[in-house]
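# Survey of secondary and tertiary structure
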Amino acid sequence: MKQMIAATRRDPVLMGLWLSLLVFALIWFAPFVFIVFTSLKSSPEIMTSGAFTPPGALVTQNYATAWNRGGFDHAFFNSVFVTVIKVPLGLMIAALSAYALARMKNRWNKLVLLFIVFGTMIPFQVMLAPLFTLVNSLGLVDTYLGLILPYLAFGIPYQIFILHSFFKSVPKELSEAALIDGASHFTTFRRIFLPITLPVMAALLILDFVATWNEFAMALVILQDADKWTLPLGLMSFQGQFSNEYGQLNAAIVMTVLPAVLVYLIFQRYFVSGLTSGAVKG
Amino acid sequence: MSSVTIKNLQKSYGAVDVIHGIDVDIAPGEFVILVGPSGCGKSTMLRMVAGLEDISGGTISIGDRVVNDLAPKDRDIAMVFQNYALYPQMTVAQNMGFALEMAGHSKADIARQVARSAEILGLEPLLDRKPANLSGGQRQRVAMGRAIVREPQVFLFDEPLSNLDAKLRVQMRAEIKALHARLGTTILYVTHDQVEAMTMADKIVVLNAGKVEQIGSPLDLYDHPANKFVAGFLGSPAMNFFDATITQNTAQLADGQRVPLGARAGEVAEGQQLTLGLRPETLTLDPAGPLQGRVKLIEPTGSETFIALDIAGQDATVVLKDRLEAAAGDMLRFDVTQGRIHLFAAQSGLAL
Ligand SMILES: Nc1ncnc2c1ncn2[C@@H]1O[C@H](COP(=O)(O)OP(=O)(O)OP(=O)(O)O)[C@@H](O)[C@H]1O
Ligand SMILES: [Mg+2]
């Protein structure tokens with residue numbers, strides 16, 4: 001650790017990289033500061049103070065008002081429900097499929113993988129209209145299932161693709177040792193592959209959580225009943241109705257983003273690399 | 001412990017044949033080593049015994065069961081991989097107990113058996129560590145521990161020592177041999193290191209390009225190699241070979257030097273072309289000896305002296321027990337130990 005710090009100090013390239021990272025971080029962080037500050041100011045203060053001046057007196061009333069006026073209790077519940085089912089379920093299916101494709105002998109594996117990768121290449125905007133027709137014909141418009149199924153269909157292929165290449169890189173002797181030890185494929189997956197995949201799974205979970213939580217286009221097409229709306233839809237409608245209530249609008253934005261930030265903070269500690277080290281040598 | 005019987009074993013990957021009909025009999029409790037150059041099919045053969053590769057032809061029996069179609073876990077074998085293949089997120093104890101757990105043993109039973117095996121290999125202090133926190137030698141030992149916990153009928157080892165440094169390898173060689181003496185389990189062991197083969201095996205199987213060259217005890221193969229390949233493969237430094245013609249009960253080399261054949265003179269005909277094989281340690285310094293060579297390089301190891309020579313236009317090596325004051329370019333004469341002369345047919349390479 002000390003050495004790393006020393007190296008950072010001396011190496012101009014690292015210094016440069018570090019500085020540019022800092023600049024990028026600031027650029028990304030600026031709107032967030034603006035939003036949080038504004039959400040805590042009263043309307044008159046917003047008009048009179050600069051965007052980046054910290055709020056004088058903290059006004060938390062914006063949050064309560066926005067929550068009630070925007071019907072966020074429904075939207076929040078819908079988002080949580082959809083995300084909490086879709087994200088873990090999708091990851092599990094993806095991990096199991098990726099394991100099967102990487103480690104179970106089958107001459108169709110390559111073809112199936114190709115098919116899956118092909119699925120990731122079609123931009124989903126192209127598929128929105130056909131997707132609506134399909135969901136509609138299944139009678140699933142305005143249902144959670146009608147949203148979760150397309151979410152799964154669009155999320156899983158990427159995850160399979162990434163997990164498959166990860167599983168492929170696990171030394172095959174590890175599977176073979178488990179096979180000799182009498183483990184079934186499922187046990188091998190659960191006891192050996194899953195634990196060493198944790199960092200990758202954590203990364204995928206965060207990405208997928210954020211993507212699902214913020215997903216707008218598909219939800220807009222499939223959910224028409226305002227009671228079924230997810231947070232991004234609720235936020236949009238709120239913005240349409242109360243666009244001059246800056247304080248409340250920004251409070252609504254903060255409430256929408258906060259869960260994603262929390263999930264990130266919770267799971268980022270699983271990003272520990274090198275979990276396979278020590279498995280094999282040479 | 002069980003016998004292992006391999007009959008006419010064949011393996012092909014698509015159109016490529018890698019193993020061309022191998023027969024090996026392994027008695028219960030025997031320590032058999034498969035040696036051969038890289039790519040000759042040793043690992044493939046071992047993996048077929050383990051059940052990790054399909055068998056293209058022939059049969060493999062463990063005990064009196066034909067195991068061709070049995071799953072690896074039902075063959076009652078344990079395997080130690082070259083790269084150890086320890087489960088990274090499990091502790092040493094969990095690694096060792098995994099097979100027992102899979103077989104449905106009780107927790108107490110697993111703990112007892114793991115403790116016993118750990119004691120045999122001196123692994124007790126490491127039981128709670130993860131593989132990442134072990135040295136290479138310790139990982140190797142854990143891999144062996146994982147194998148012996150199950151008390152299998154047969155141990156399969158695939159180059160288990162090749163990732164260790166030279167000193168540790170010598171130590172582990174002795175330990176594996178002691179382990180075999182203690183447990184008495186049948187062992188099938190793959191290596192490309194002929195020293196390992198010579199020092200550890202009850203029986204060596206020399207493979208080359210998917211075929212058996214010779215099977216026998218180490219010293220038997222060393223003293224009576226069936227052909228030039230086996231003669232050249234076993235022994236370090238390797239046997240010296242010279243093209244020779246039989247002339248008046250001697251083998252005459254390309255430059256006219258003659259090596260007397262002694263008792264073996266009757267076995268060959270005058271004028272016959274053949275290959276003369278002389279092991280490096282059977283040549284001794286003797287100013288009146290029949291062989292003369294020009295020194296190319298002298299390598300003193302401390303206990304021995306290796307001399308690289310040019311004898312009759314061919315490269316040769318001599319190992320002397322004594323120190324030697326000589327320099328590159330010097331001419332030296334050697335005597336040949338009687339009874340240690342090897343003769344091979346020029347074309348087929350078969351021993352005469
Ligand atoms: N999956 C495969 N497909 C095609 N050929 C293969 C495959 N696996 C191994 N071979 C070939 O089979 C031959 C034997 O391989 P094997 O791994 O048994 O050699 P080895 O004797 O163990 O060599 P080494 O000492 O280098 O480990 C090699 O020529 C190799 O190229
Ligand atoms: Mg090999």
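Starting afresh in each chain, residues are numbered from 1 along the sequence in its written order. Numbering of ligands from 1 and lettering of chains from A proceed in the order in which they are written. Confidence filtering applies because this is a predicted model: local features only for residues at pLDDT of at least 70, side-chain atom pairs given and counted only at 80 or more, and all residues used for totals across whole chains, interfaces and linings. Here the side-chain values reflect all heavy atoms present in the structure, with hydrogen atoms and water set aside.

## Some points on the sheet that holds strand E18 (residues 314-320) of chain B
All names here are of chain B. Spelled out, the test is: Strands are labelled as partners when DSSP assigns at least two bridges between them. We count a stretch as a helix when DSSP gives it H or I for four or more residues in a row; a strand needs E for two or more, and each element gets its number in order from the N terminus. Every axis in this analysis is a line fitted to C-alpha atoms, fitted for helices over the stretch in contact. Angles between the N-to-C directions lie between 0 and 180 degrees.
Pairing in this open sheet of 5 strands is antiparallel, and the strands run E15-E19-E16-E17-E18 from one edge to the other. One side of each edge strand has no neighbouring strand; the edge strands of this open sheet are strand E15 (283-285) and E18. Sheet twist, expressed as the mean angle between neighbouring strand axes with direction ignored, is 50 degrees.

## Re the domain arrangement of chain B
Residue and element names in this part refer to chain B. Note the cut-off: In this entry, domain limits derive from an automatic or database-based domain assignment. The contact rule is simple, with two residues in contact once any of their heavy atoms fall within 4.5 Å. Buried area adds together the accessible area that both of two parts lose upon being put together, with accessible area traced by a 1.4 Å probe. We call two N or O atoms a polar contact when they sit within 3.5 Å, provided that within protein one can donate a hydrogen and the other can accept it, with sequence-adjacent residues counted only if both atoms are side-chain atoms.
Split by domain assignment, chain B resolves into domain 1 (4-233) and domain 2 (240-345). Facing 7 residues of domain 1, the contacting portion of domain 2 comprises 7 residues. Buried area between domain 1 and domain 2, summed over both chains or domains, comes out near 660 Å², and the portion from carbon and sulfur atoms is 58%. When the buried area of domain 1 at its contact with domain 2 is split by residue, Tyr222, Lys228 and Ala231 rank highest and sum to 72% of it. For the pair domain 1 and domain 2, the number of links is 2 residue pairs in polar contact (both at pLDDT 80 or more).

## Remarks on helix H4 (residues 61-69) of chain A
Spacing of three or four residues puts side chains on the same side of an α-helix, whose turn is 3.6 residues. All names here are of chain A. For clarity, the cut-off: Each residue gets one of three labels from its accessible area relative to the maximum for its type: buried under 20%, exposed over 50%, partly exposed in between, using a 1.4 Å probe on protein chains only. As used here, the arc is the angular range of directions from the helix axis to the C-beta atoms.
Listed in full, the buried residues belonging to H4 are Asn62, Tyr63 and Ala66. Taken around the axis of H4, the buried residues stretch over an arc of 100 degrees, which confines them to a single face. Across H4 from its buried face, at more than 90 degrees, point the exposed residues Gln61 and Asn68. If you follow the buried residues of H4, they end up packed against helix H2 (12-39), helix H5 (72-103), helix H12 (231-241) and helix H13 (246-267). Directly beyond the C-terminal end of H4, a positive phi value near 60 degrees is found at Gly71.

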